[in-house]
Amino acid sequence: MKISAYTLLTLSLFSFQATVLSSFNPFGIQPDFCLVIACLIGFRTGPVHGLIVGFGLGFLQDLFSAGPFGLHTFTKAGVGFLAGVFARNLSNREPHAVFVPVMACSGLSAMVFLLWSRMGMGLGEMLYGFSYILLPQAVLDGLVAIMANWVSVRWWSKRRIHEGRPVMNRREVRQ
Amino acid sequence: MRGRFRPGVFWGSGVMRVSVAVLVIAFVAFALLPQQSQFLFHAFGEPLADFVAIPVKGMATLDRTLREWWMQYIALQGLSQQNRQLRETIQQLNGEVNRLREQAYMAERLASLLEFQEDKSVRTVAARVIGRSASNWYQGVILNKGEDDGVREQMGVITPAGVAGRIVRTSGSTSIALLTTDPNLVIAGMIQRTRDEGMVQGTSQGLVRIKYLPPLSSVKTGDVVVTSGLTGGFPRGVLIGEVVLVEESKDGLFRTVQIVPAVKSRHLDEVLIVVSPRSPEAVPPLDHALIAPGP
């Protein structure tokens, strides 16, 4: 059941990002929704789930990417995992608490891309990539993560209340 | 205890250890053996790409339908349609003007020669942009034509307005084109007026530059840059863009010019993939072209 849900999620999310959301690029920077979702899954369900979903989303992105095969796969799997590790050590459970961890994950992922894609093109290209692509994208991904987390927290809580279950799950209660 | 890193909890799970180990080993293998890992990824990914292309194409069709519906019936239906037609006409006319200009230059050069060879038309496959590469680091578009339609890697991608990019990856029913504005794409180009040749490469700023021009080149702002047709999958004389800035290299050995690309990558909808940059009959016979006459 969970595998089917994750497969459906990755397929539909990737298709949505590659087509409908591709024209959404404020200030010329496109937020990476797949990265944000991999991080949020890591936050909610733990590092291993984050890694698996990140791996799936990254692999799909790699299939339709103009860059070398594997970059998205490893970076998304890595950030999904890292987000899960962050979540285990995060005391603040408010929706906005994901901003800094997602920003850090996005920055790390973008650093790999920066080194891979702009290596050997001169310091100017590297600095431009760092200042005008990496940093804005990290901030944008963090903001998108706050919104997505806020929506998911509301939906999560409503669903649990509707089903007559406590709003917090067992792990959260234990913590 | 919350708010602090707990290594015991983190490393306690066996699944976690295995996951980390697999990820690290795979990444190291990917970094150290790039060709082998690319081959593996390609072998696994290619069959999957055709399957994944189905929802992507479906979503693209839905997106296009909704956009067109919105444009036609809600937002200024008459004007938007007229505007679109006019834009298409302008693009076609720009391409036509450039082609005629190129032919005029060629006619001037070749008029003095007796052996005039007519420029044969290229063979192309029309494709539609169904999606975009979801990354700010590689500017690519997903096209709805793939190997089943004769599309192969390294083929050129053009529009009536000029050069759009080059095919870098293919699957059965789709292909990925890297756009001219990407710093990772290099094509052979030349200044149309002066015939100086150089390497055309994208920049992170979304512009294009032509590098390694001769230092004595008389290139100036407003000059037109076209493909040289010497290498790559492009025919000769396809418009790349217009020169906006000329600068000397630091060592003074070359000139570099910045170009505004003719094709706006954000507005790409339909493209032509150059299957064959020149028809086989355009190639002169070997004994006439290459073998020097004997004494």
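None of these values were measured; they are calculated from a predicted model.

### Some remarks on the overall build of chain A
Next up, step 1: Looking only at helices and strands, one finds seven helices and zero strands in chain A.
Next up, step 2: Reading the secondary structure of chain A in the N-to-C direction produces α-α-α-α-α-α-α.
Next up, step 3: Across the 175 residues that make up chain A, the buried fraction comes to 53%.
Next up, step 4: By sequence separation, contacts in chain A at least 24 residues apart represent 65% of the contacts at least 6 residues apart.
Next up, step 5: Counting every atom, chain A has about 7900 Å² of accessible surface; 73% of that belongs to carbon and sulfur.

### A few points about the sheet that holds strand β7 (residues 197-202) of chain B
All names here are of chain B.
Next up, step 1: Taken together, six strands build a closed barrel; the order of strands is β6-β7-β8-β11-β10-β9 and the barrel is antiparallel. Sheet twist, expressed as the average angle between the axes of neighbouring strands with direction ignored, equals 40°.
Next up, step 2: Sheet topology note: the strand β10 (residues 239-248)/strand β11 (residues 255-261) ladder contains seven bridges and is antiparallel. Across the sheet, V243 pairs through a bridge with I259, a residue of β11.

### Section: the packing of helix α1 (residues 2-18) of chain A against helix α2 (residues 33-45) of chain A
Two numbers describe a pair of packed helices, the interaxial angle and the distance between the axes.
Residues and elements named next belong to chain A.
Next up, step 1: The N-to-C vectors of α1 and α2 enclose an angle of 155°; their axes lie 10 Å apart at closest approach. In terms of their interaxial angle, α1 and α2 are classed as roughly antiparallel. As for how α1 packs across α2, the hand of that crossing is right-handed. Residue-level inspection shows Y6, L9, L13, F14 and Q17 of α1 in contact with α2, the latter providing F33, C34, I37, I41 and T45.
Next up, step 2: A class-by-class count of the residues in the contact of α1 with α2 yields eight nonpolar, two polar and no charged.

### Focus on the interface of chain A and chain B
Next up, step 1: Taken residue by residue, the interface counts 58 residues in chain A and 56 residues in chain B.
Next up, step 2: Both sides of the chain A and chain B interface together cover about 5200 Å² of buried area, and 66% of this is carbon and sulfur.
Next up, step 3: Counting across the chain A and chain B interface gives one salt bridge.
Next up, step 4: E125 of chain A is the salt-bridge partner of R209 of chain B, the closest N and O atoms lying 3.9 Å from each other.
Next up, step 5: Where chain A packs against chain B, one counts nine residue pairs in polar contact (both at pLDDT 80 or more).
Next up, step 6: Of all the secondary structure elements, the ones that give two or more residues to the side of chain A that touches chain B are α1, α3 (47-63), α4 (71-88), α5 (99-118) and α6 (123-162) of chain A.

### Details of the packing of aromatic side chains
Next up, step 1: If you walk through the whole model with that rule in mind, you get seven aromatic pairs over all chains.
Next up, step 2: Pairing F74 of chain A with F41 of chain B gives two aromatic rings, centres 6.2 Å apart and planes at 85°, and the pair type is edge-to-face. Of this pair, F74 of chain A sits in helix α4 while F41 of chain B sits in helix α3 (residues 34-74), on two different chains. As far as burial versus exposure is concerned, F74 of chain A and F41 of chain B are alike and both buried.
Next up, step 3: Following the ring pairs from residue to residue traces out a cluster consisting of F59, F69 and F74 of chain A together with F41 of chain B.
Next up, step 4: The ring of F69 of chain A carries R169 of chain B above its face, with NZ or CZ at 4.4 Å from the centroid.

### Structural notes on the nonpolar core
Next up, step 1: Core analysis: the biggest nonpolar cluster contains 40 residues, and F14, L63 and F64 of chain A together with V52 and W137 of chain B have the highest contact counts within it.
Next up, step 2: Sorting the residues of this core by element identifies α1, α3, α4, α5 and α6 of chain A together with α2 (14-32), α3 and β5 (175-179) of chain B as the ones contributing at least two each.
Next up, step 3: Ranked by residue count, the leading element in this core is α3 of chain B, at six residues.
Next up, step 4: Once residues lying within four places of it in the same chain are set aside, the contact partners of L63 of chain A are F69 of chain A together with G45, L48, A49, V52, R169 and I176 of chain B.
Next up, step 5: Membership of the second largest hydrophobic core comes to 17 residues, among which are V163, I191, V238 and I240 of chain B.

### Digging into the environment of C39 of chain A
All names here are of chain A.
Next up, step 1: As for its placement among the helices and strands, C39 is situated in helix α2.
Next up, step 2: Measuring from C-alpha to C-alpha, the distance between C39 and V98 comes to 8.9 Å, with 59 residues separating the pair along the chain.
Next up, step 3: Discounting chain neighbours no more than four positions away, the residues touching C39 are V79, A83, V102 and C105.

### A word on the packing of α3 of chain A against α4 of chain A
All names here are of chain A.
Next up, step 1: Packing of α3 against α4 leaves a shortest axis separation of 7 Å and a crossing angle of 160°. Our classification of the angle between α3 and α4 gives roughly antiparallel. Note that α3 runs across α4; the crossing there is right-handed. Counted together, P47, G50, L51, G54, F55, G58, F59, Q61 and D62 of α3 and L71, H72, T73, K76, A77, G80, F81, G84, V85 and R88 of α4 form the full contact between these two elements.

### Some details on the environment of D50 of chain B
Residues and elements named next belong to chain B.
Next up, step 1: As for its placement among the helices and strands, D50 is situated in helix α3.
Next up, step 2: Measuring from C-alpha to C-alpha, the distance between D50 and A127 comes to 16 Å, with 77 residues separating the pair along the chain.
Next up, step 3: In this structure, D50 is in contact with S171, G172 and S173, ignoring residues within four places of it in sequence.
Next up, step 4: For D50, the side chain forms a polar contact with the side chain of S171, separated by 3.5 Å.
Next up, step 5: Here the side chain of D50 touches S173 through a polar contact of 3.2 Å, landing on its backbone nitrogen.

### Topic: the side chain of T19 of chain A
Next up, step 1: Inspection of the secondary structure assignment puts T19 of chain A in the loop between α1 and α2.
Next up, step 2: Each residue touching T19 of chain A, except ones within four places of it in the same chain, is listed here: V56, M59, A60, D63, I130 and G131 of chain B.

### Details of the confidence of the model for chain B
All names here are of chain B.
Next up, step 1: On average, residues of chain B carry a pLDDT of 79, and 84% of them reach 70 or more.
Next up, step 2: Across chain B, the secondary-structure element scoring lowest on mean pLDDT is helix α5 (residues 286-289), at 39, and the one scoring highest is β5, at 93.
Next up, step 3: For the stretch residues 279-295, pLDDT sits under 50, and the model shows eight contacts to residues farther than four places along the chain or on other chains.
Next up, step 4: This prediction of the complex comes with two scores: 0.76 for pTM and 0.80 for ipTM.

About the criteria used
- Residues numbered from 1 in each chain as written.
- Chains lettered and ligands numbered in written order.
- Predicted model: local features only at pLDDT ≥ 70, side-chain atom pairs only at ≥ 80, totals over all residues.
- Heavy atoms only, no water.
- Helix = DSSP H or I, 4+ residues; strand = E, 2+ residues; numbered from the N terminus.
- Buried < 20%, exposed > 50% of the residue type's maximum accessible area, 1.4 Å probe, protein only.
- Contact = heavy atoms within 4.5 Å.
- Areas by Shrake-Rupley, 256 points an atom, 1.4 Å probe, with all protein chains shown as cover.
- Pairing = 2+ DSSP bridges.
- Axes fitted to C-alpha atoms, helices over the stretch in contact; angles between N-to-C directions.
- Parallel < 35°, antiparallel > 145°, perpendicular 65-115°, else oblique.
- Left-handed = near helix turned anticlockwise from the far one by under 90°.
- Nonpolar A, V, L, I, M, F, W, Y, C, P; charged D, E, K, R; others polar.
- Buried area = accessible area lost by both parts, 1.4 Å probe.
- Salt bridge = Lys/Arg side-chain N within 4 Å of Asp/Glu carboxyl O.
- Polar contact = N/O pair within 3.5 Å; in protein donor to acceptor, adjacent residues only side chain to side chain.
- Phe/Tyr/Trp six-rings, centres within 6.5 Å; stacked < 30°, edge-to-face > 60°.
- Lys NZ or Arg CZ within 6 Å of the ring centre and 35° of its normal.
- Core = buried A, V, L, I, M, F, W, Y, C linked by side-chain atoms within 4.5 Å.
- pLDDT = per-residue confidence, 0-100.

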